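What follows is each chain in one-letter form.
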Amino acid sequence: MAVLSYAGDALWVIALTIMFSASRSASGETAGREKLVFLGGQAPRAIALWMLPTASFAVSLWLVLRAREAEGDMAVIVFGVRATLAALLALLHLRWLSQALRP
């Protein structure tokens, strides 16, 4: 089941690339602002732009360890969790960024 582990890694690489590149782009667009809209309130620019990608990276590392230990049916389940979570976190991050980029 090593193929599923590598496929999960690839999905996380894609999701993290999307999140970090979107944050980098948003960082350039919000250069003059100290605070951004974040979760219905105001937050410092660094937290609003980089908190979710950084936390997602940490989660991805933990899931890599779980995927390497999984065998049989558990490997398929872990792959499903990794694939779903990578996509959902990337979409959540893009939604948060769209709110943060509003003036």
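Preceding this paragraph is the structure being described.
Remember, predicted model here, so these are calculated numbers, not experimental data.

Engineer: Help me understand the overall build of the chain in this model?
Structural biologist: Helix and strand content of the chain: 3 helices and 2 strands. Sequence-ordered secondary structure for the chain, helices as α and strands as β, is α-β-β-α-α. Judged by the C-alpha coordinates and their principal axes, the chain covers about 50 × 20 × 15 Å. Burial status across the chain gives 33% buried among its 103 residues. Taking as baseline every contact in the chain between residues at least 6 positions apart, the subset at least 24 positions apart corresponds to 70%. Of the accessible surface of the chain, which amounts to about 6,200 Å², a share of 69% is contributed by carbon and sulfur atoms.

Engineer: Could you clarify how one ought to interpret empty space enclosed by the protein in this entry?
Structural biologist: With a probe scaled to a water molecule rolled over the atoms, the places where space remains empty come into view. For the structure on display, the rule yields 1 cavity of 30 Å³ or more. The computed volume of the largest cavity comes to approximately 50 Å³. Forming the boundary of the largest cavity are Met1, Leu4, Ser5, Ala67, Ala70, Ala75, Val78, Phe79 and Arg82. For the lining of the largest cavity, the elements supplying multiple residues, two or more each, are α1 (2-29) and α3 (73-100). Here the residues of the lining of the largest cavity are counted per class, giving 7 nonpolar, 1 polar and 1 charged.

Engineer: For this particular structure, what's the right way to read the packing of aromatic side chains?
Structural biologist: Aromatic ring pairs are described here by two measures, namely the spacing of the ring centres and the angle between the planes. In the structure shown here, the tally under the stated rule is 2 aromatic pairs. Both rings, one in phenylalanine 38 and one in tryptophan 96, keep their centres 5.0 Å apart while their planes meet at 80°; by these two values the pair is edge-to-face. In this pair, phenylalanine 38 is assigned in strand β1 (residues 35-38) and tryptophan 96 in helix α3, connecting sequence segments 58 residues apart. The class for tryptophan 96 is buried, based on a relative accessible area of 15%.

Engineer: Would you mind showing me how to read the pattern of salt bridges here?
Structural biologist: Oppositely charged side chains may form a pair once their charged atoms are brought near each other. For the structure shown, the criterion picks out 3 salt bridges. With a shortest N-O distance of 2.6 Å, arginine 68 and aspartate 9 are connected by a salt bridge. Taken together, the residues span a long stretch of sequence, with arginine 68 in helix α2 (residues 45-69) and aspartate 9 in helix α1 at a distance of 59 residues. Classification of aspartate 9 by relative accessible area gives buried; the value is 17%. The salt bridge partner of aspartate 9 is arginine 82, with a shortest N-O separation of 2.5 Å. Highlighted residues: aspartate 9 in helix α1 and arginine 82 in helix α3, separated in sequence by 73 residues. For the pair shown, aspartate 9 and arginine 82 are each scored as buried. Linked by salt bridges that have partners in common, Asp9, Arg68 and Arg82 make up one network.

Thresholds applied
- Residues numbered from 1 in each chain as written.
- Predicted model: local features only at pLDDT ≥ 70, side-chain atom pairs only at ≥ 80, totals over all residues.
- Heavy atoms only, no water.
- Helix = DSSP H or I, 4+ residues; strand = E, 2+ residues; numbered from the N terminus.
- Buried < 20%, exposed > 50% of the residue type's maximum accessible area, 1.4 Å probe, protein only.
- Contact = heavy atoms within 4.5 Å.
- Areas by Shrake-Rupley, 256 points an atom, 1.4 Å probe, with all protein chains shown as cover.
- 1 Å grid on protein atoms, 1.4 Å probe; cavity = no way out; pocket = protein on both sides within 12 Å on 5 of 7 lines; lining within 4 Å.
- Points joined across faces, edges and corners; volume = space filled by probe spheres on them.
- Nonpolar A, V, L, I, M, F, W, Y, C, P; charged D, E, K, R; others polar.
- Phe/Tyr/Trp six-rings, centres within 6.5 Å; stacked < 30°, edge-to-face > 60°.
- Salt bridge = Lys/Arg side-chain N within 4 Å of Asp/Glu carboxyl O.

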